[in-house]
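Each chain, letter by letter, is given below.
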Amino acid sequence: MTIKEVEQLLEVPRATVRFYEKEGLITPTREGNGYRDYSDEDVEKLKKIIILRKIGMSVEEIDDLFDGIRSMDEALDTNIENLQKQMDELKGAMKLSQKMKEDFVQIASMDVNAYWNTIEEEEKHGNRFMDIAKDIIEIEKGVFASYFSAIDRDGNPYESFPRILLNVITCTVIAGIIICLFEKNWSVQNFLRGIRGIVSIMVLEMVLSIPLYFLGKKYEWIRKNRNKALYIVALILCVLLLILVSMYGN
């Protein structure tokens with residue numbers, strides 16, 4: 001299945017899926033067209049990863065589990081110790097960690113659906129778990145590339161540096177030309193203003209994407225239309241900014 005289908009099935013951002021792939025936790029195959037193809041085994045492994053992340057294990061600890069460097073029992077003991085310090089805030093994760101230890105669960109035979117459903121039920125009753133949103137922070141750095149068409153339609157980054165460089169230069173020149181035309185003054189300063197404008201837009205996207213992810217957990221429309229919500233909020237902020245600039249200019 002495609003990354004979009006995985007995103008919809010597991011209800012996690014594709015950036016999270018790509019992050020786990022970047023960290024070497026999953027290795028989907030590639031089709032003839034170069035796009036990733038996620039198997040049922042990949043989805044099953046992703047569920048295991050998300051379950052372990054939600055109970056507080058780090059990506060490094062999960063990687064060690066899959067590599068057999070440490071045992072599940074040892075990892076759960078460590079996890080329980082860490083969660084003890086946050087017990088008042090993370091009762092849900094502590095409870096499930098203890099249950100998993102009592103169940104003598106092993107990484108290879110974990111009943112992912114049972115624990116997955118347990119987490120969902122506990123969250124509905126107000127018990128909190130580790131939020132995996134921070135896993136997408138690193139991948140958000142790649143948002144700069146996406147603005148310059150450095151990713152394909154499936155969200156996979158192009159590996160052609162000349163193509164990325166060409167798109168960066170093109171976007172920068174276009175931004176500079178727009179500012180020069182608007183100001184009716186062709187100068188290096190106006191080109192630099194165009195560059196700052198492009199960078200500001202990219203920073204705005206990264207700032208807005210994280211809170212929109214949290215809101216998406218509460219509001220179904222935002223979860224299903226995250227990009228549309230991002231564009232709407234960004235447009236509103238841009239309009240407000242233009243109004244303030246106009247007022248200040250007057």
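The structure under discussion appears in the preceding block.
For every chain, the first residue of the written sequence is number 1, and numbering continues from 1 along that sequence. The predicted origin of the model limits local features to residues at a pLDDT of at least 70 and limits the giving and counting of side-chain atom pairs to 80 or more, whereas totals for whole chains, interfaces and linings rest on all residues. Side-chain measures were taken over the full set of non-hydrogen atoms in the model, leaving aside hydrogen atoms and water.

### Concerning the overall build of the chain
Piece 1. Per the secondary structure count, the chain includes 13 helices and 2 strands.
Piece 2. Taking all 250 residues of the chain together, 36% fall into the buried category.
Piece 3. Considering only contacts in the chain between residues 6 or more positions apart, those separated by 24 or more positions represent 56%.
Piece 4. Where accessible areas are quoted, they stem from the Shrake-Rupley method and a 1.4 Å probe; at the residue level, only the protein chains shown are allowed to cover. Taken as a whole, the chain presents about 15,300 Å² of accessible surface, with 59% of it coming from carbon and sulfur. Each helix is a run of DSSP H or I of at least 4 residues and each strand a run of E of at least 2, with the numbering of both proceeding from the N terminus. Accessible area is worked out with a 1.4 Å probe on protein chains only. A residue is then buried under 20% of its type maximum, exposed over 50%, and partly exposed in between. Working rule for contacts: check all heavy atoms of both residues, and any pair within 4.5 Å makes them a contact.

### Focus: the packing of aromatic side chains
Each aromatic ring pair is summarised here by two numbers: the centre-to-centre distance and the angle between the ring planes.
Piece 1. Pairing of aromatic rings covers Phe, Tyr and Trp, the last counted by its six-membered ring, and requires centre-to-centre distances within 6.5 Å; plane angles under 30 degrees mean stacked, over 60 mean edge-to-face, and any other angle means tilted. Per the counting criterion, the structure on display carries 1 aromatic pair.
Piece 2. In this structure, Lys45 is placed above the aromatic ring of Phe66, and the distance from its NZ or CZ to the ring centre is 4.4 Å.
Piece 3. Consider the ring centre and the ring normal. A charge sits over the ring if Lys NZ or Arg CZ is within 6 Å of that centre and within 35 degrees of that normal. The ring of Trp116 carries the charged tip of Lys47 above its face, separated from the ring centre by 5.9 Å.

### Details of a nonpolar patch on the surface
Piece 1. On the surface, Trp221, Ile232, Leu235, Ile236, Leu237, Val239, Leu240, Ile243, Leu244 and Met247 cluster together to form a nonpolar patch covering roughly 980 Å² of accessible area.
Piece 2. Residue contributions to the nonpolar patch peak at 9 residues, all from helix α13 (residues 226-249).
Piece 3. Structurally, Leu235 is set in helix α13. Within this analysis, patches are made of residues with over 30% relative accessible area and no salt bridge. Like charges are joined at 9 Å or less; nonpolar side chains (Val, Leu, Ile, Met, Phe, Trp, Tyr) at 5 Å or less. Any carboxyl oxygen of Asp or Glu that lies within 4 Å of a side-chain nitrogen of Lys or Arg is treated as forming a salt bridge with it.

### Looking at the nonpolar core
One broad trend across soluble globular proteins is that nonpolar side chains are buried collectively.
Piece 1. Each nonpolar core is a collection of buried residues, namely Ala, Val, Leu, Ile, Met, Phe, Trp, Tyr and Cys, held together in the definition by side-chain atoms within 4.5 Å. Membership of the largest hydrophobic core comes to 39 residues, with the highest contact counts inside it found for Tyr20, Leu52, Met72, Met100 and Met110.
Piece 2. Elements with a contribution of two residues or more to this core: α1 (3-10), α2 (14-22), α3 (40-54), α4 (59-67), α5 (72-84), α6 (91-102) and α7 (112-124).
Piece 3. Ranked by residue count, the leading element in this core is α3, at 6 residues.
Piece 4. Leave out the neighbours within four places in its chain, and Leu52 touches Met57, Ile62, Leu65, Met72, Met100, Ile107 and Met110.

### Thoughts on α2
Piece 1. The element α2 is largely enclosed, with a buried count of 7 among its 9 residues.
Piece 2. Within the sequence span of α2, burial applies to Ala15, Thr16, Val17, Arg18, Phe19, Tyr20 and Glu21.
Piece 3. Immediately downstream of α2, the backbone of Gly24 shows phi near 85°, a positive value.

### Re the packing of α1 against α2
Piece 1. For helices, the fitted line uses only the C-alpha atoms of the stretch in contact; every axis is such a line through C-alpha atoms, and the angle between N-to-C directions lies from 0 to 180 degrees. Between α1 and α2, whose axes approach to 9 Å, the crossing angle comes to 110°. Taken together, the axes of α1 and α2 are roughly perpendicular relative to one another. In this structure, the crossing between α1 and α2 has a hand that is right-handed. Of the residues in α2, those touching α1 at Ile3, Lys4, Val6 and Glu7 are Arg14, Val17 and Arg18.
Piece 2. For the contact of α1 with α2, the per-class residue count stands at 3 nonpolar, no polar and 4 charged. Angles are sorted into four bins: roughly parallel if under 35 degrees, roughly antiparallel if over 145, roughly perpendicular if 65 to 115, and oblique for all others. Each crossing is labelled by how the near helix is turned from the far one, with a counterclockwise turn of less than a right angle marking it left-handed and a clockwise turn marking it right-handed. The nonpolar class holds Ala, Val, Leu, Ile, Met, Phe, Trp, Tyr, Cys and Pro. Asp, Glu, Lys and Arg form the charged class, and all remaining residues, Gly among them, are polar.

### Quick look at the packing of α6 against α7
Piece 1. Packing of α6 against α7 leaves a shortest axis separation of 11 Å and a crossing angle of 155°. When the axis of α6 is compared with that of α7, the two are roughly antiparallel. Note that α6 runs across α7; the crossing there is right-handed. Contacts between α6 and α7 involve Lys95, Leu96, Lys99 and Met100 from the first element and Tyr115, Thr118, Ile119 and Glu122 from the second.
Piece 2. Partitioning the contact of α6 with α7 into residue classes produces 4 nonpolar, 1 polar and 3 charged.

### A few points about the pattern of salt bridges
Piece 1. In this structure the tally under the stated criterion is 9 salt bridges.
Piece 2. Between Glu61 and Arg70 there is a salt bridge, with the nearest N and O atoms lying 3.7 Å from each other.
Piece 3. What makes Glu61 buried here is its relative accessible area of 13%.
Piece 4. Through salt bridges with shared partners, a single network forms among Glu61, Arg70 and Glu74.

### Structural notes on unusual backbone geometry
Piece 1. If you check the backbone angles, Glu11 has positive phi at about 60° while not being a glycine.
Piece 2. Looking at where Glu11 falls in the secondary structure, it is placed in the loop between α1 and α2.
Piece 3. If you check the backbone angles, Phe104 has positive phi at about 55° while not being a glycine.
Piece 4. You can see Phe104 is positioned in the loop between α6 and α7.

### Structural notes on α4
Piece 1. Every buried residue belonging to α4 is among Val59, Glu61, Ile62 and Leu65, and all of these are buried. One side of α4 carries all its buried residues, which in axial view fall inside an arc of 160°. α4 presents Glu60 and Asp67 as exposed residues on the side facing more than 90 degrees away from its buried surface.
Piece 2. Looking one or two residues beyond α4, the residue adopting positive phi is Gly68, at roughly 80°. Picture the helix axis, draw a direction to every C-beta atom, and the arc is the one those directions span.

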